[in-house]
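Each chain, letter by letter, is given below.
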Amino acid sequence: MRGDARCALCPGLLLALLAVAGSAAAQDSAPAPDAGAPAAPAPAAPAAQDPKPVDGFRVGDFTFRPGGRVKLDIIRDFKPMDNEDSFDTRAIPIDAGERTNSNLIAKETRLSIDIRGPAEGHELRMYVEGDFYGSGSAFRMRHAYGTWRGLLAGQTWSTFMDEDNLPRTIDFESPTAMAIIRQAQLRYTWKFGAATAAVAVEDNKSAINVPDGVDGRAEFPSPDFAARLRFDFSNGHVMTSAFGGAARFRPTGEDPDTVTLWGWMLSANFETVGRDTVYGVITFGDGIGRYRGGTAAVPDFDGQLHAVRVLAFMAGYEHFWAERWSSNAVYSIAEADDQPFFDDDFNRELTYGAVNLLYWFLGDRGWMGVEYLYGKRAVFGGSPNSGTAHRVQYAVRFNFP
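A.B. asks: Explain the overall build of the protein residue by residue, including any values.
C.D. replies: Helices and strands together make up the secondary structure of the protein, namely one helix and 23 strands. By the burial criterion, 50% of the 401 residues in the protein qualify as buried. Of the roughly 18,000 Å² of accessible surface on the protein, 58% is carried by carbon and sulfur atoms.

As structure tokens, this is what we get:
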């Protein structure tokens, strides 16, 4: 899944700020990246219109800018899928028989507040955002961080991932090869010319899959250390990143075993013709599954821990048919190296594919669209050892501001 934090926020605070915004004085400030969602095309402005009011309101020297969205998803599964809310290929059952399912949800609805103002001659920014993907549709924290100059502290997208290259799908999930997780971190960023570099220390909660018959518990001996280097061009960007960390398993009554985790990622996104975009990602490493909310390491029957090595690819293309019509197609596959102590249901290969059509009926204020999703899950043992899923998803979304 999307590596979401499970901390609770108080939705009442955000709702109160939204209520104040309509009558307060305003000032411009840029919104936080809206990752994992289609980017709005820029519709042509009418020949004559009143100036658009500036979003936000002032409190002392700081500008408060509320934001958010309301989104309805209508989902229809034509084959068994054990995750009704997002197309997580790890949730495809093996040999589950025939069944279909439909689901209507509004969990991707979000509220945010962006606060900016001067501090010691530089801009201080604080950003908080939540949605309703918590347990039982509870409001939960997505982002909560502050930045000043090159310093960032709080919870947001990992330094290891490229949040500007998230595929523009209707589905809340993302392709298997895409590292995507939000976690607590302390980061510092430098800019020099067309390049940007960042280093960070980040939370490490690596999932350890314990085989049947092996007793013990997972431990987290150290945080992760992540770094990225990005080059921006007139028509796109290229980014590479890496992380290092550790996972530990303590067998019952025995000494613990620790294994090194590491990963490398290369990401690129470029405009081609008009507003069309081509993009891709390669991810490789020992334990990178944890950057997808998956398994990072597995102990063998002697209690010795082994990192799960994974190689994954993603490629996609976005095309604008007209001013208000766009499509995105993406394909991804991830494969894990075999180990003799893996359970029969341990994932060997995960495939994700999606193609959609969007209509921007309110310009950047709202869109509707339909998407077809295909997934395949293959495991190391059993017969049969794979399953497929097919989903059609329709959505309507309204954006604020």
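So that's the structure; there's more coming.
A.B. asks: Tell me about a nonpolar patch on the surface, and please be specific about residues and values.
C.D. replies: The grouping of Leu-72, Ile-74, Phe-78, Leu-104, Trp-321, Trp-325, Val-355, Leu-357, Val-370, Tyr-372, Val-392 and Tyr-394 at the surface amounts to a nonpolar patch, some 1,100 Å² of accessible area in total. Residue position: Ile-74 is located in strand E2 (residues 62-77). A relative accessible area of 32% means that Ile-74 is categorised as partly exposed.

A.B. asks: Would you mind going over the environment of Gly-289 in detail, with residue names and values included?
C.D. replies: Within the element layout of this structure, Gly-289 appears in the loop between strand E15 (277-286) and strand E16 (295-299). As a C-alpha pair, Gly-289 and Val-308 span 19 residues in sequence and 7.6 Å in three-dimensional space.

A.B. asks: Describe in detail the packing of aromatic side chains, supporting the description with residues and values.
C.D. replies: Aromatic ring pairs: the centre-centre distance and the angle between the two ring planes describe each pair. Counted according to the given criterion, the structure contains 18 aromatic pairs. Plain terms: the ring middles of Trp-262 and Phe-284 are 5.6 Å apart, the flat faces sit at 70° to each other, and that makes the pair edge-to-face. Of the two residues, Trp-262 is situated in strand E14 (residues 257-271) and Phe-284 in strand E15; the sequence distance between them amounts to 22 residues. A relative accessible area of 31% places Trp-262 in the partly exposed class. On the basis of relative accessible area, Phe-284 is assigned to the partly exposed category, the value being 26%. Ring geometry for Phe-342 against Phe-380: centres 5.4 Å apart, planes inclined by 45°, an arrangement best described as tilted. Taken together, the positions of Phe-342 in the loop between strand E19 (325-336) and strand E20 (347-359) and Phe-380 in the loop between strand E22 (366-379) and strand E23 (386-400) put the pair 38 residues apart, joining distant regions of the chain. The exposure class of Phe-380 is partly exposed, given its relative accessible area of 22%. Members of the aromatic cluster, each reached through a chain of ring pairs, are Phe-341, Phe-342, Phe-346 and Phe-380. Cation over ring: Arg-76 sits above Phe-78, and NZ or CZ is 5.6 Å from the ring centre.

A.B. asks: Help me get a handle on the side chain of Lys-71, residues and values and all.
C.D. replies: Inspection of the secondary structure puts Lys-71 in strand E2. In this structure Lys-71 comes out as buried when scored by relative accessible area, which is 1%. Reaching out from Lys-71, the side chain makes a polar contact with the backbone oxygen of Ile-170 at a distance of 3.0 Å. For Lys-71, the contacting residues outside a window of four places in its chain are Ile-105, Ala-106, Glu-108, Thr-109, Ile-170, Trp-367, Gln-393, Ala-395, Val-396 and Arg-397.

A.B. asks: Report on the environment of Ser-206, specifying residues and quantitative values.
C.D. replies: Within the secondary structure, Ser-206 sits in the loop between strand E9 (195-202) and strand E10 (207-208). Taking the C-alpha atoms as reference, Ser-206 lies 8.4 Å from Ala-218; in sequence the two are 12 residues apart. Apart from the residues lying within four places of it in its own chain, the contact partners of Ser-206 are Phe-220, Ala-247, Leu-261, Arg-290 and Ala-296. Side chain to side chain, Ser-206 and Asn-204 meet in a polar contact 2.6 Å long.

A.B. asks: Report on the pattern of salt bridges, specifying residues and quantitative values.
C.D. replies: Applying the stated criterion across every chain, the model contains 24 salt bridges. Notably, a salt bridge pairs Asp-114 with Arg-116, separated by 3.2 Å at the nearest N-O pair. Among the salt bridges present, the one from Arg-168 reaches Glu-318, with a minimum N-O distance of 3.1 Å. One end of the pair, Arg-168, is in the loop between strand E7 (151-157) and strand E8 (182-192); the other, Glu-318, is in strand E18 (residues 309-322), with 150 residues separating them in the sequence. Residues joined in a network through salt bridges with shared partners are Arg-69, Lys-71, Asp-73 and Glu-108.

A.B. asks: Tell me what's going on with the pairing of E9, and back it up with residues and numbers.
C.D. replies: When you tally the buried positions in E9, you get six out of eight residues, the bulk of the element. Where E8 lies against E9, eight bridges are found, and the strand directions are antiparallel. Within E9, the position partnered with Thr-189 by the bridge is Ala-198. Between the antiparallel neighbours E8 and E9 lie two residues, among them Gly-193 with a positive phi of about 65°. Here E9 pairs with strand E12 (residues 224-233) via eight bridges, running antiparallel. Residue pairing in the sheet places Ala-200 in a bridge with Ala-226 of E12.

A.B. asks: Can you tell me about the sheet that holds strand E17 (residues 305-307), naming the residues and giving the values?
C.D. replies: Strand order in the open sheet made by the three strands is E10-E16-E17, with mixed pairing throughout. Sheet topology places E10 and E17 at the edges, where each strand pairs with a single neighbour. Where E10 and E16 come together, two bridges link them in parallel fashion. Opposite Ala-207, over in E16, you have Thr-295 as the bridge partner.

Definitions and limits used
- Residues numbered from 1 in each chain as written.
- Predicted model: local features only at pLDDT ≥ 70, side-chain atom pairs only at ≥ 80, totals over all residues.
- Heavy atoms only, no water.
- Helix = DSSP H or I, 4+ residues; strand = E, 2+ residues; numbered from the N terminus.
- Buried < 20%, exposed > 50% of the residue type's maximum accessible area, 1.4 Å probe, protein only.
- Areas by Shrake-Rupley, 256 points an atom, 1.4 Å probe, with all protein chains shown as cover.
- Patch = residues over 30% accessible without salt bridge, like charges linked within 9 Å, V, L, I, M, F, W, Y side chains within 5 Å.
- Salt bridge = Lys/Arg side-chain N within 4 Å of Asp/Glu carboxyl O.
- Phe/Tyr/Trp six-rings, centres within 6.5 Å; stacked < 30°, edge-to-face > 60°.
- Lys NZ or Arg CZ within 6 Å of the ring centre and 35° of its normal.
- Polar contact = N/O pair within 3.5 Å; in protein donor to acceptor, adjacent residues only side chain to side chain.
- Contact = heavy atoms within 4.5 Å.
- Pairing = 2+ DSSP bridges.

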